[in-house]
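Listed below, chain by chain, are the residues.
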Amino acid sequence: MSAGPLVVEIICTCMLAAFLLHRYGDLRKQHVLVTLATFIAWYFSLMIIFILPLDVSLTFYRQCLFDNAVSTTTTTTTTVTPNNHTHPPTPTLQPAPLVRREVNGNGSVNVSSPVYVEGASSLGGKVEDVGLVCEQPLSYVSDSVLPALWRVIYWTSQVLTWLILPMMQSYSNAGDFTVLGKVKSALIENAIFYGTYLLIFGICLIYVAARPDLDIDGEKLKIIGVTASNTWGLFVLVLMLGYGLVEVPRSMWNNAKRGHKLSATYFKVAKLSTEKTEAEEALEDVLEEIRRCADKIRYNSPLRPHMDTVLSKCPESTRRSLRTTNLDDYEDYGPSSSPDLSVATLVKLHKKVMRSLQLQRRTQIQWNNLMSQAFHLEEVEENMRDPHCCFKSSSSSSSSSSSQSSVGALLRVIYTPTIEWYWKCRVQAYFYMGLSLVLMVLSFMVVWSECLFFIKSPTLSLFAVFINLARHNYDYAYIELASILTIAYLCFCAYYSVFKIRILNYYYIAPHHQTNEHSLIFTGMMLCRLTPPMCLNFLGLIHLDSHVTRAFDIQETSYTKIMGHMDVISIISDGFNIYFPILIVLLCICTYFSLGSRLLSLLGFQQFIGDDDMTSELVDEGRELVKRERRKQERKAEGDSRRKMWTERFGNGSTTSSKDVPAPGERAEKYSVARSPDESDRTELLRQVEPIDYTEDRGADLLTDYTRSLGSLGSSSHRPSSSSSASAQQGYQAQGSRFGSSRSSSSGLPGKPPRGIFDDV
């Protein structure tokens, strides 16, 4: 009818991709090319998920037109051979018109113009009324729109995922200092990755070349490339789904269990604490190595520009400590750098510091998120015992909530503490239980259909049964909604597994602009690789792939026509694509009994199993770490509040303002002297000591106190004779006059200590 729904879906998908990229990435810090490539990868992958259901509904509409064109046309053709033998007439199929009848409210019938359907036939041009009216979906578009759209989306995403994004990721991680060196390192790093793909492509190519009935041309090479890509994606997809289809419903069920999620969070905190410490120590070791190299590489060394590039990746504290080292011109150094340093050494050091910084930042972000989650779960546990049914937040939560925007404040008016208490302490657990049951049913439907989708009669795939019922009722809206939910659930389970497995923990997706560039590129690559085979697998589940169900009388989607069939390689089309998904059953059984986690635990990798001593010890350790972090944040909050109160009370009325007190850096500049080549380190240290100001009043006070102490000492003892007292008095006065005269002679002021008496300090 119109392209309105398609345009709306394209715009909404673009807004969704932009929102996700803004939420997880930092657009101001990351490179423009990374942002653009990641956005295109996410956008096109989401378009495949949301537009494929529209393609399915249009396919069912075309199938309806094809099925109801039942009239035939037979054209008699007589061929005379030289032997005067006459062959029987041969029927010729021509496009047949399909007449649509619409019944008005008054009972009259309106006959529309004929619609020609390819593959149908007519008898002598006579049109027979088929009786059944094929309703056109609201999202109907021309037959040439979707093929052109799929062609752009699919090949762009394939170029991104197999060529641009891997090279871009390796290029950004390379430690080389030139463009050519970075490209070379990126090719070497991706050699193993491309080797797996080329291995599959080579096997398929050899298989086709060995068959005498097939000729290799451009179209077959394209099919071989698509086959290799889909085979790789389907292999990874089945492995990920075997874990996610069980773990996603179970995680929802565990969230409903009181105390289970808090114990799991304590376990993660204890486990992450070790990783965080190791990452920080590794970073310190790398920074110390950089300091040693920076001391060896002088300002006039040809390696100095490369060393500056390495230093630019270091934290600000490291750069500040090395900013003025070995950059002076007072000395003419002999060798400009150490002989054991080279460009290759700095390249390795550059790559090492970038990786160490990524690990340290990832663990720090995970630590902050886990601490926030643990604080929140502890608050929920404490509020469960509240008799007033009013949710009370801690100081950290209240401070974070006070900094929210006006929209958050408006929502807080509606979402009162009483409603929050009932939701978090009463309703949320039952909600998770219900959601877990729904996800269990969906997982069972997926596993059942994956094992039996290739059986055409009887139809055993549950998704095919439900979609066919909606097709017969012309409920295109239900078809599109059910297709979107099914593909979205498959995608969620697959990507939940990708970021849950420990081997891929180097990449971490964190909200609030905390995801680095490498993780964003990684998610874009995985979306582009897994989405096309996932959609082809979904079309097989609903029996819209004729080469899987062996039913060649059905219409196919425009997406399948662009992707092509794998009939060139029968091993893939007839074997791997059909029977390999059955492996999901075995993987789901292993995941249900946690065989993988128990095996890793036996090998020494800490896993949250719940029934062993190591898990209990780590839970207790995590609880203590959370308490320590809470006390640390409380002390920091108290110190900030006291500092703020002191500033508000005494900041404006104080006689000594902050501007009169020099900053530490200003004081260092004020009392430091430029070093000359002839001075030693000890002389420089002594000259940088801040001078002590001796005032006249302080010197007089010291002399007065000394005289008084002597006088009191004399009066406290037995009184001597008058002659001895007089002689002692004269001696004290003479000693005081000599002490005072020495001061006066040295400083020119009476009562002031002589200058230079502390010069030997």
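Quick note: structure is the one above.
Remember, it's a predicted structure, so these values are computed and weren't measured experimentally. (Residues numbered from 1 in each chain as written. Predicted model: local features only at pLDDT ≥ 70, side-chain atom pairs only at ≥ 80, totals over all residues. Heavy atoms only, no water.)

1. Looking at the pattern of salt bridges
Thinking step 1. Taken as a whole, this structure holds eleven salt bridges when the rule is applied.
Thinking step 2. Where R304 meets D308, a salt bridge forms, and the shortest distance between an N and an O atom there is 3.4 Å. Of this pair, R304 and D308 are both found in helix 8 (residues 304-312), four residues apart, which corresponds to roughly one turn of the helix.
Thinking step 3. Of the residues examined, D308 reaches a relative accessible area of 38% and is grouped as partly exposed. (Salt bridge = Lys/Arg side-chain N within 4 Å of Asp/Glu carboxyl O. Helix = DSSP H or I, 4+ residues; strand = E, 2+ residues; numbered from the N terminus. Buried < 20%, exposed > 50% of the residue type's maximum accessible area, 1.4 Å probe, protein only.)

2. Side note on the nonpolar core
Thinking step 1. Membership of the largest hydrophobic core comes to 97 residues, with the highest contact counts inside it found for W150, L245, L539 and Y559.
Thinking step 2. Looking at this core, the element that brings in the most residues is helix 2 (residues 32-67), giving 19 residues.
Thinking step 3. Once you skip the residues sitting within four places of it in the chain, L539 turns out to touch L52, V56, L544, D545, T557, Y559 and T560. (Core = buried A, V, L, I, M, F, W, Y, C linked by side-chain atoms within 4.5 Å. Contact = heavy atoms within 4.5 Å.)

3. Structural notes on the packing of aromatic side chains
Thinking step 1. What the rule picks out here adds up to 16 aromatic pairs.
Thinking step 2. On the basis of an interplanar angle of 40 degrees and a centroid distance of 5.8 Å, the ring pair of Y43 and F44 is categorised as tilted. Per residue, the accessibility class of Y43 equals that of F44, and both read buried.
Thinking step 3. Centroid distance W423 to F431: 5.8 Å. Interplanar angle 55 degrees. Geometry classified as tilted.
Thinking step 4. Exposure remark for W423: the relative accessible area of 31% places this residue in the partly exposed category.
Thinking step 5. Classification of F431 as partly exposed rests on a relative accessible area of 44%.
Thinking step 6. Against the face of W367 rests K276, its NZ or CZ located 5.5 Å from the ring centre.
Thinking step 7. It is K424 that lies over the ring of F391; its NZ or CZ is 4.7 Å from the centre. (Phe/Tyr/Trp six-rings, centres within 6.5 Å; stacked < 30°, edge-to-face > 60°. Lys NZ or Arg CZ within 6 Å of the ring centre and 35° of its normal.)

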